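# Breakdown of the fold
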Amino acid sequence: MNTQKVAIITGGGRGIGAATAKLFAKKGYAVCINYKSNAEAANQLAEAITMEGGKCICVQADVSCEDDVNRLFATVDRELGTLSVLVNNAGILKKQSRLVDMTADRINTILTNNVTSYFLCCREAVKRMSTLHGGQGGVIVNVSSVASRSGSPNEYIDYAASKGAIDTLTKGLSVEVAAEGIRVNCVRPGLIYTDMHADGGEPDRIERLKGVIPMQRGGQPEEVAEAIYWLASEKSSFSTGNYLDLSGGL
Ligand code: NAP
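In this report, we go over the structure that sits alongside the text. These numbers were taken from a predicted model, which means no experiment stands behind them. (Residues numbered from 1 in each chain as written. Predicted model: local features only at pLDDT ≥ 70, side-chain atom pairs only at ≥ 80, totals over all residues. Heavy atoms only, no water.)

### Quick look at the site of the ligand
So the rule is basically this: A molecule or strand has a residue near it when one of that residue's heavy atoms lies within 4 Å. In protein, a polar contact means a hydrogen-donor-capable atom and an acceptor-capable atom, both N or O and within 3.5 Å, with residues adjacent in sequence counting only if both atoms are side-chain atoms; elsewhere, any N or O pair within 3.5 Å suffices. Areas reported here follow the Shrake-Rupley algorithm with a probe of radius 1.4 Å; residue values treat only the protein chains shown as occluding. The secondary structure listing takes helices from DSSP runs of H or I that are at least 4 residues long and strands from runs of E that are at least 2 residues long, numbered from the N terminus. The nonpolar class holds Ala, Val, Leu, Ile, Met, Phe, Trp, Tyr, Cys and Pro. Asp, Glu, Lys and Arg form the charged class, and all remaining residues, Gly among them, are polar.
Around the ligand there are 32 residues in total, and S37, N38, N89, Y159 and T194 lie nearest to it. Residue G11 places a main-chain N or O atom 3.4 Å away from an oxygen atom belonging to the ligand. One of the backbone nitrogen or oxygen atoms of G190 is found 3.2 Å away from an oxygen atom of the ligand. For the ligand, the protein covers 97% of the area, taking 900 Å² as the surface of the free molecule. Every element with two or more residues in the shell around the ligand is listed here: α1 (15-26), β2 (30-35), α4 (104-129), α6 (157-176) and α7 (196-199). Broken down by class, the residue content of the shell around the ligand amounts to 13 nonpolar, 14 polar and 5 charged.

Have a look at this one:
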């Protein structure tokens, strides 16, 4: 019988997701690296993991799309086996803007990519993990943001509000499935060095803002990955419905 634990990392090809996929593979998980469009980044990461003796697959799926999410989870069932951990990490940011200039199209794109996607992936994970449905339990770690507390005025209130929804999803679902063997927690990163800031229109945003971070520096994706791994591990076995901020004190 295959006893290797299985983890899905959504948006696992780049940034925080890639650091998380690497760490989980190093710790012995069979990893599914999900990505939306950057196949090259996902495949390069998979190659590096495999070279180091890890097991992984890459699955293209837009997690804001229900059919794609169903296909993603069915592929993991078939190719890797019983799901132990879901890391809901995929997310997007739009150009910095005040609310008065936001269109419905932009707001809906942010919400479907950052919120609907997490709900759909949680649904599929719970179906497989819940002892009520014959599962063996499991862990969900959602990647939120300190933006859920700050609201990101003058930059992206839409993004911040999407992360507020993830905090609420984490709290509600954690209680809903607590007696079914599933723990649900979230990490809330602050300013982390990834390509996401370029999508917001300011690649060097962390350089501008690092002076307001009490630790006077941005964070590395690997520092977030370690916290995600801890929340997924048995070391945090009595933790559910919690938020772990990784923000250098911000
Ligand atoms: P990133 O480097 O821009 O990577 C985003 C990843 O998400 C990419 O792999 C991308 O896929 C994937 N993705 C986006 N939409 C998707 C969709 N609909 N379906 C599947 N995959 C999708 O971003 P990051 O900074 O690592 O962000 C990861 C998470 O951390 C996000 O939830 C973000 O909100 C959160 N976060 C980041 C920071 C920060 O400072 N960087 C701070 C707080 C929270 P492709 O590679 O195919 O494009």
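### As for unusual backbone geometry
For S152, which is not a glycine, the phi torsion comes out positive at approximately 50°. Tracing the backbone through its elements, the reader meets S152 in the loop between α5 (147-150) and α6. Despite not being glycine, N154 has its phi angle at roughly 70°, a positive value. By the secondary structure assignment, N154 is in the loop between α5 and α6.

### Focus: the packing of aromatic side chains
For any two aromatic rings, the description comes down to two numbers: the centre-to-centre distance and the angle of the planes. For clarity, the threshold we go by: Each aromatic pair joins two rings of Phe, Tyr and Trp (for Trp, the six-membered one) with centres within 6.5 Å, and gets the label stacked for planes under 30 degrees apart, edge-to-face for over 60, and tilted for any other angle. Burial classification: accessible surface area is computed with a 1.4 Å probe over protein chains only, and a residue below 20% of its type maximum counts as buried, one above 50% as exposed, and the rest as partly exposed. Comment: the charge-over-ring label is applied if NZ (Lys) or CZ (Arg) is within 6 Å of the ring centre and within 35 degrees of the ring normal.
Summed over all chains, the structure comprises 4 aromatic pairs. Between Y29 and Y229, the aromatic rings sit 6.3 Å apart at their centres with planes inclined by 85°, giving edge-to-face as the arrangement. One end of the pair, Y29, is in the loop between α1 and β2; the other, Y229, is in helix α9 (residues 221-232), and 200 residues separate them in sequence. As far as the burial class goes, Y29 and Y229 line up, both buried. With centroids separated by 5.8 Å and ring planes inclined at 70°, the aromatic side chains of Y156 and Y159 adopt a geometry described as edge-to-face. Classification of Y156 as buried rests on a relative accessible area of 3%. Through a chain of ring-to-ring contacts, three or more aromatic side chains come together here, namely F24, Y29 and Y229. For the cation-ring pair, K171 lies above Y243, with the distance from its terminal atom to the ring centre recorded as 5.5 Å.

Function cannot be read off these values alone, since they describe shape.
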